[in-house]
Each structure stands twice: as C-alpha cells, then as structure tokens.
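Coordinates in review
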Amino acid sequence: MKPILILGGYGGFGRRLSRRLADKGYPLFIAGRSQAKAVAFCAELGCGTPLFANRDHPLDDILKAAQPFILIDAAGPFQTSDYRVAEACIRCGVHYLDLADGRDFVCGIGRLDKDAKLNGVVVRSGVSSVPALSGAVLRELVAPMTRVSRIDMAISASSRATLGASVAKAILSYAGQKLSLWRGQAWTNGFGWQELSRTTFEVAGRRPLSRLVALAEVPDHEIWPAILTGKPAVTFKAGTESAFQMLGLWLLSWMVRWKWFASLVGLGPILLPVQRLTSWLGNNRSAMKIEVLGFEGELPVRARWTLLAERGDGPEIPTMAAACLADLIQAGLVASGAQDSSQELALDQFQAQFSKLAISEEQTKVPDLPLYQKVMGRNFDDLPSSVRAVHSTEGDGVAVGNAQVARGDNPVNAFLCFMFGFPPSGQHDLRVHFCRDGASVLWVRHFGEHRMKSRLCQSDQKLVEQFGPLRFYFHLQPQDQGLAMILKRWTMLGLALPVVLAPRVDAREWDEAGQFQLSVSISLPLIGLIVAYRGQLAPVETSVHLKSTPLPTQF
C-alpha cells in the first residue's frame, strides 16, 4: 500500500481516520501544527511517522520529502480557508482529499479541475458526512422519483463527542450570518443557527431521539437544487443533544443577525470550555436524517433515511468516506480532476462500515397525499386538473398569476387588514409559495411586494387555516368545476368563538378554460367588506401567460 499523509491526523476526526487507515495497513504520516502531539499520537497508534506541517504555510517541500500518494486534510476549519493545500498537492502530483463541510470551499473546488486533470491528480472535497454520505443517501432515495420538490436533512451529534477548536470555529463562523437558500423556486435568505426546531430520529427497534436542530451552512444547499429534476428546496439543520447548548447558541446568533456582533468566532475560547463542561450530560448517541418529498410519476411520495449511532460511534461516520475513497484511489478507480464528493460513493459502501459499529439505519417510503386531497378524500379526484395541480405543489411549490384586490372603506378596515396582512387594493402580480412544514402547509402569498401568509392543516375532515391565534375551520364543498370553502367554526387560542360573530367568507376555486381561478371575499357583521380578491394561478412548472381578470363590482 502507498503512504497517506493526514493533515491534522491527531485531531478529533483526524485521529479516528488515522486509526481506520492504520487498521487497513496503510503507511501513515501524521502531520499537524504540533510536532509533539504528532509524536505522542504515533506512539499511541503504534505506527506512523510524525511530521510538522502548517496548512497555512507552503507544503511543497514537505510533500516532496515525504512523497505521500494521498494527502487527506482533516485539519480545518475550511469555512475561511483557501486552496493552497490542494494546489500544493496538484503541483507535487499528490492526490488530495479533505473532510470539509464549508459550503463555499467545497462548491468552489472545481476551479482546480483543469490543473488537476493536466497533472493526473484526484482532488475531492467534502469527503465526509456532507456531501459524500448525504449524496450517497440522496441518490438512492431519489432514484425512482421523476421530480423532487423538497429535501430536509438533519444531523445531531452527541455532546460527548470531541468538539475541537476547528469544529467550534466553523460553527461560530456562520452563526447569525446570512445564508443563501433555494426555496420556492428562488434564492432566499436564511440565517445560520436559526430556524430552531425539534426533530425526531426514529429507527425501528431503537429508542428514538428527539433533539433541537438549527440551520447550518453546508454544500448541500447549493449542490442539489442545481442537479436534481424539480430544483428542490434544500434545508440542512444540525445540532448537539444539549438543549442548553442549542438555545445558548441560538440566542447568540441573534446578536450577529441584529449586527451587534460581526461574528461569534471571537467567543470560541469562552464557549468551547462551556461546551466541554456540559458534555457530561450527554448519552453518546448521534443521529442523521434525510427526508425527500417528490413524485414517482403522478404519485407524491415521502422517502426517508434515518441513522442512529450508539456507544459514541457517531464521530466515526465523518471519516468513513475518506477511508473508502482512499481505497478506490489506490486501486486506480477514481478519475483525475477536482470536484465535490457528492457523486463519488454509494450507500452500500457506507453500510459495510456501519455494520462493524453500533450504528443502525433504515429507509422508509410512503405516499404523501396533498393536504386538500387528505381533507376531501375521493372528491379531490373529481376536481378539474387545474385545481388539483395547484393543490399538488405543496412540498415546496410555487404558483404564479395575477389578482385584483378591493378593500372595504369602513374605518375599522385598515386596522383589520394590517392585523391579518391582507393586501392593498389594486391589480397585482400574484405568487404563492406552498411550503410543507410537518403536518401543516405554510401558504405565503405575494401580491406584488405585499406578503400575506397563513398556515393550513387538517382537523378530521375539515381544512383549518390559521392566522396567528385565530383558526378557521372550513368544509371543502365540491361544486361544478371546482370547490367552495364553507366556514363551520372558528377559535382563538383553542377556545371556540360564537359563530354569529364569525367573518362571512365566500371563497371559491374553479377551472375556466383550463386555468385555475380563485375568488375570496371576507366581510364582518355590522362592518361590511374587509377585503376581496379574484385572480388566476398556475404552478410554476406548467405556468402559462394569464390574462388579467377584472374584479367584479359586486362579490
């Protein structure tokens, strides 16, 4: 076997990778900024040659002297790194892998492709949990799908896992910072370590985990919308098992978002000891989950892959892809050139390594019927195709069209329209984003520059629309060429309100000449018209030019 140099080979992930490769029989160079630590770890490992190497300084002389066949960069952090290590490897004819998960770093590695090919060097970035393992899982989950609408991923690490300075610095570098996310068929902004939510990781026969996770910056946010049919929305969240740690970092992220701090990186020397002091609360369990919403033909499906790691084996997972890819490079089975590692490995190559550890995983797939279809049952199938199409885009779909809006002139009207976010009077371009969020669907309606949102879910055979503390329960009544929404009851904070005081809602959807039409009118007793709008919509993938429809003088 040809030698491998591991940069950061005695660090948190580096030492695990070094052990994995040593068990395979590879000659190793254990390199890093501390010669003493490299020497001590080689003695502990019982093999390997210690080297002093600083990834921030030129490495050509070290590479020429050691002559490794492969260099694996496990040092990091990569969020603020350049490509000097990979470039040195290309110049010296040394194959290069890294364990990076920094989005810009991994997604930008292709700029070295030409030089890597000219020198016959393999350069692969992100040879870790993301995007190497996530890519292997996703390619298997989406294989039978004709279109993918949404991808949600989450990783939760054990608090007892070693959190090195590089990992901490990487997380702090994007906490509270603006992140570019593909949602609703457009690039939008999120913020690092926000959108805090609780997710459950479940594998049959294992005790489930329920953990807090928050938005993380990873290459997958950029890779998958660009290459998968349907241009799916991608959300990746990460976290530790400690709610104390999660909530603390979430609160600190607001300091950056509000521009009180430029970055949290400077707090690393303070926060890292705090993390280590609270790590004893952990239970040595880690988890990962990938869920995909898509279509197999016309059937909407939800495919999910979940992994649970016990007995502290979770931190082994980020090292598996590099060990596997090193074998393939040694065998001459990897093409030269520079690219991310999302397409390199298959899931069964990871499963062979899972089986040797306390790691369980499973895949599930179920039909994922649209919300309106769940509420209406068989009546949904009788709706015109244009109506069904709009209500089948809810994974992360968009419909576009136009609408004309009229508001009432009662003095109370302006206040109510402000409270509920109703649009102003006039003719508007209309764009509706349907975003699945667990059992509910968030509708974000853009009337020109004005945004109005509500959350819809099912209660028995009723459609529930929520505006803040208010919930409105509708019966969906099939009608000729469409449906009507009939208000049955309403509540505030779960308490039933008198029906006699309920708003008068006349809401209809229908097909006209193959186009989806909608009409909504809302009024209140003794007050009169609050708002009314009428328009047309079509899903983005089938949208056509829609003619403006004048608003009737009477609703």
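Each remark here, short or long, concerns the structure printed above.
An account of the accompanying structure is given in this report. (Residues numbered from 1 in each chain as written. Predicted model: local features only at pLDDT ≥ 70, side-chain atom pairs only at ≥ 80, totals over all residues. Heavy atoms only, no water.)

1. Some remarks on the overall build of the protein
To be explicit about the condition: Counting from the N terminus, the helices are the DSSP runs of H or I reaching at least four residues and the strands are the DSSP runs of E reaching at least two. Exposure categories follow from relative accessible area, calculated using a 1.4 Å probe and restricted to protein chains: below 20% of the type maximum is buried, above 50% is exposed, and the middle band is partly exposed. Here, two residues are considered to be in contact whenever any of their heavy atoms come within 4.5 Å of each other. Every accessible area reported is derived by Shrake-Rupley at a probe size of 1.4 Å, with residue values counting cover from the shown protein chains alone.
A count of helices and strands for the protein gives 16 helices and 27 strands. When the backbone C-alpha atoms are referred to their principal axes, the protein occupies close to 85 × 45 × 45 Å. A buried classification covers 54% of the 555 residues belonging to the protein. By sequence separation, contacts in the protein at least 24 residues apart represent 64% of the contacts at least 6 residues apart. Counting only carbon and sulfur atoms, one obtains 55% of the accessible surface of the protein, whose full area is about 24,400 Å².

2. A few points about a nonpolar patch on the surface
Convention followed: For patches, a residue must show more than 30% relative accessible area and have no salt bridge; joins then use 9 Å for like charges and 5 Å for nonpolar side chains, namely Val, Leu, Ile, Met, Phe, Trp and Tyr. The rule for a salt bridge is simple: a side-chain nitrogen of Lys or Arg has to be within 4 Å of a carboxyl oxygen of Asp or Glu.
Taken together, Trp 258, Trp 260 and Phe 261 make up a surface patch of nonpolar side chains, about 380 Å² in accessible area. A relative accessible area of 57% places Trp 260 in the exposed class.

3. Here we look at the packing of helix 7 (residues 129-142) against helix 9 (residues 220-227)
Going by this rule: To get an axis, a line is fitted to the C-alpha atoms, and for a helix only the part in contact is used. The angle between two axes follows their N-to-C directions and goes from 0 to 180 degrees. Helix crossings fall into two classes, left-handed where the near helix is turned counterclockwise from the far one by less than a right angle and right-handed where it is turned clockwise. Each residue is assigned to one of three groups, with Ala, Val, Leu, Ile, Met, Phe, Trp, Tyr, Cys and Pro labelled nonpolar, Asp, Glu, Lys and Arg labelled charged, and all others, Gly among them, labelled polar.
Running from N to C, helix 7 and helix 9 cross one another at 35°; their axes reach a closest spacing of 11 Å. As helix 7 packs across helix 9, the resulting crossing turns out to be right-handed. Packed against helix 7, whose contacting residues are Val 130, Pro 131, Ser 134, Gly 135 and Leu 138, the element helix 9 presents Asp 220, Ile 223 and Trp 224 at the interface. Of the residues contributing to the contact of helix 7 with helix 9, the split by class is five nonpolar, two polar and one charged.

4. A few points about the sheet that holds strand 7 (residues 147-157)
Formally: Whether two strands pair depends on DSSP finding at least two bridges between them.
The seven strands lie next to each other as 10-11-12-7-13-14-16, forming an open sheet whose pairing is mixed. Unpaired on one side and paired on the other, strand 10 (197-201) and strand 16 (359-367) mark the two borders of the sheet. In this sheet, neighbouring strand axes are inclined to one another by 25° on average, regardless of whether the strands run parallel or antiparallel. Pairing of strand 14 (residues 299-309) with strand 16, which is carried by nine bridges, proceeds in the antiparallel orientation. Paired with Val 301 across the bridge in strand 16 is Pro 367.

5. Let's talk about the packing of helix 1 (residues 12-24) against helix 12 (residues 317-330)
In helix packing, the relevant descriptors are the interaxial angle and the interaxial distance, both defined with respect to the helix axes. Running from N to C, helix 1 and helix 12 cross one another at 40°; their axes reach a closest spacing of 9 Å. For the element pair helix 1 and helix 12, the recorded crossing hand is right-handed. Here Phe 13, Arg 16, Leu 17, Arg 20, Leu 21 and Lys 24 of helix 1 lie close against helix 12, whose contacting residues are Pro 318, Thr 319, Met 320, Ala 322, Ala 323, Ala 326 and Asp 327. Across the contact of helix 1 with helix 12, the residue classes tally to eight nonpolar, one polar and four charged.

6. Notes on the nonpolar core
Grouped burial of nonpolar side chains is what soluble globular proteins tend to show. Worth spelling out the cut-off: Residues grouped as a nonpolar core are buried Ala, Val, Leu, Ile, Met, Phe, Trp, Tyr and Cys residues, joined through side-chain atoms within 4.5 Å.
One finds Leu 21 and Trp 305 to be the most contacted residues of the largest nonpolar core, which totals 76 residues. Element by element, the count of residues in this core is highest for helix 12, at nine residues. Excluding its chain neighbours within four sequence positions, the residues that come into contact with Trp 305 are Leu 133, Val 137, Leu 141, Met 288, Lys 289, Ile 290, Leu 347, Phe 354, Glu 361, Glu 362 and Gln 363. Membership of the second largest hydrophobic core comes to 41 residues, among which are Val 375, Leu 430, Leu 463 and Val 520.

7. Some remarks on the pattern of salt bridges
Scanning the model with the defined rule gives 26 salt bridges in all. Across the pair Arg 150 and Asp 396 runs a salt bridge, and its minimum N-O distance is 3.8 Å. Here the residue Arg 150 occupies a position in strand 7, and Asp 396 occupies one in strand 17 (residues 396-407), the gap between them amounting to 246 residues. A relative accessible area of 3% places Asp 396 in the buried class. Two residues, Asp 368 and Arg 436, come together in a salt bridge whose shortest N-O distance is 3.2 Å. Here Arg 436 lies in strand 18 (residues 426-437) and Asp 368 lies in the loop between strand 16 and helix 14 (371-376), a separation of 68 residues in the sequence. For Asp 368, a relative accessible area of 10% gives the class buried. On the basis of relative accessible area, Arg 436 is assigned to the buried category, the value being 6%. What emerges from the salt-bridge pattern is a single network uniting Glu 291, Arg 302, Arg 304, Asp 368 and Arg 436.

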